[in-house]
Amino acid sequence: MRLLALLLFLSCSLAQTLLPASTFGLSFREEASAWIYEGEGVRFVYAPGVGWAEPLDPRLPPPDGEKLPLEALKALGYFRTPEAGVRHGTQGRALRLVLDLPAGEAAAHLPLEGQGQGSLLLSFPYLAPGMLQVPWPKGLEARVRLLPKGTELFLSFPGRLLRYRLFPLKEPDRLVLDLFVLEAEVEEPVAAGVRYREIWAFTPEPLRLYLVEAEKGRLVPVGKPGVRALPKDLAPNALAVLNGGYFDPKTATPIGLWVQDGVTVSYPSGRMALLWDGFSFFLGVPRFEAMVQGPSGERVRVGINTSRARYTAHTVPGPVGMEGEEVALVMGNRVQAIFPAPQELPPGAWALAFPKEAPPFPLRPGDSLSLYGRLDPPFRYALEAGPLLVQKGQYAFDPNRENFRDKRPLEAIAPQAAVAWTREGKLWLLVSEPTTPGVLARALLTLGAWNALRMDGGGSAQLWVKGRLRNPYQGSPRPVVSALALYAP
């Protein structure tokens, strides 16, 4: 009841408020001791001390020079459109206005969304005087005009991006306007065919992306297993550097495939990888052939990490092997010990798991044992990360299809890093403001991404451009093990 009384009070006080004639699309002049208001195909005359002419009705509230009462214009039949109540509040980043429509009045068909750089003009086919009472965001200039065919809203905020969306609701009928006042987008040249951008994607909530777009260049994975460093220090002369794939936080051991100039630095872990030669990029779960060479030079094919076989090589830290197996722990291409499985894999070691008392060839501590592998087909560069976000222009985020045992990091709202490219071949190295991988995938689709792969996210997500960190970062940037460096072609 208190809220209803307040709304009624505001409505009555607004009706009695005198507003400039320009608010109603009218001009004002004095002529022959009369006040004349013209515009929008009408002409009103008021004689001070006498009253309104045509019709002469002493009950109508009088104007005051250039100012007119809303109630008088209603009674004079100036408005030819239904009146809507206005409520306001906030919804996330948006200022939300709700237009309560008269009973039986369906929401008009209006553009559902739009934006403007620094200014925005919106028109509603309703009389909405409540818009004059809205507390607009600081710095935003708002001009409301109450016209015969509806309400016109002009917004201005130089240097900002103004974005809106409209949607109807029923029972009762309402029209909802969400208005976003956003930081301006940014575009800066970095080198020939390379530019840095800060842009908004809408899903439908706004999401800011910090992005390097390259039409040409040379992309190289950089870093060293077991060593952490800031991405900018892994490639000090690069145009741009994006953090790379996953690693074990205790040992800085890379997790997943890493091929550097044709040499396998780290082995697959069953997730999606970025594969490339030159400036042609591909996404896929790597087809990888691994084998071990025994003391006498004999070789046998083995599974690798999650791709298990009768004989399986393990390179990812953690427990390896299964009940009923034995594992040979190897360091420096020498068998250190043979233990019953499962066995914890220490830093800097790899292990060969095999059925109990049935190695592929006789093995004893001290014997030489080497692990080899190659991609099929071969690529000069590869870096595994995941999950897949976009594939051939379609939403593809599904961590259940990849080897992600703990999906909690993929459900948390955190900064996301990704590599993407358009169908035309433009490469994107990007970091988003905090969101989820699924939302990022939808955002990239709205921007025209053809393929996209998530890299390590959260505290690792960093985009450096010519030695400068461009995405906002809480605290000190986190050192990482691998990164993707973009050089001039």
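Residues numbered from 1 in each chain as written. Predicted model: local features only at pLDDT ≥ 70, side-chain atom pairs only at ≥ 80, totals over all residues. Heavy atoms only, no water.

Under an unreviewed UniProt entry, the name given to the chain is Phosphodiester glycosidase domain-containing protein, and the source organism is Thermus scotoductus.

Engineer: Looking at this structure, I do not really get unusual backbone geometry. What am I missing?
Structural biologist: For the bond running from Ala341 to Pro342, omega is -5°, close enough to zero to count as cis. Assignment of secondary structure puts Pro342 in the loop between strand E29 (334–340) and strand E30 (343–345). A cis amide bond links Asp376 to the next residue, Pro377, at an omega of 0°. Structurally, the position occupied by Pro377 is in the loop between strand E32 (370–375) and strand E33 (381–384). The phi dihedral of Ala32 is positive, around 55°, even though this residue is not glycine. Tracing the backbone through its elements, the reader meets Ala32 in the loop between strand E2 (27–31) and strand E3 (34–39). Look at Ala32 and you get exposed, because its relative accessible area is 76%. (Helix = DSSP H or I, 4+ residues; strand = E, 2+ residues; numbered from the N terminus. Buried < 20%, exposed > 50% of the residue type's maximum accessible area, 1.4 Å probe, protein only.)

Engineer: Mind showing me how you'd approach the environment of Ala309 here?
Structural biologist: Considering the arrangement of structural elements, one finds Ala309 in the loop between strand E25 (299–304) and strand E26 (312–314). Ala309 gets classed as partly exposed once you look at its relative accessible area, which sits at 38%.

Engineer: What is the right way to read the domain arrangement of the chain from this model?
Structural biologist: Interface size is commonly expressed as the accessible surface area that is lost when the partners come together. Split into domains, the chain comes out as domain 1 (18–71), domain 2 (85–183), domain 3 (209–282 + 381–487) and domain 4 (288–376). Summarising the inter-unit geometry, the C-alpha centres of domain 2 and domain 4 are found 66 Å apart. (Domains from an automatic or database assignment.)

Engineer: How do you make sense of the sheet that holds strand E24 (residues 288–293) when you look at a structure like this?
Structural biologist: Reading across the sheet, the 7 strands line up as E29-E28-E31-E26-E25-E24-E32 and stay open at both edges, with mixed pairing between neighbours. One side of each edge strand has no neighbouring strand; the edge strands of this open sheet are E29 and E32. Neighbouring strand axes in the sheet, compared pairwise and without regard to direction, differ in orientation by 35° on average. Of the pairings in the sheet, the one linking strand E28 (residues 325–331) to E29 comprises 6 bridges and is antiparallel in character. Among the inter-strand pairings, Met331 is bridged to a residue of E29, identified as Arg334. (Pairing = 2+ DSSP bridges. Axes fitted to C-alpha atoms, helices over the stretch in contact; angles between N-to-C directions.)

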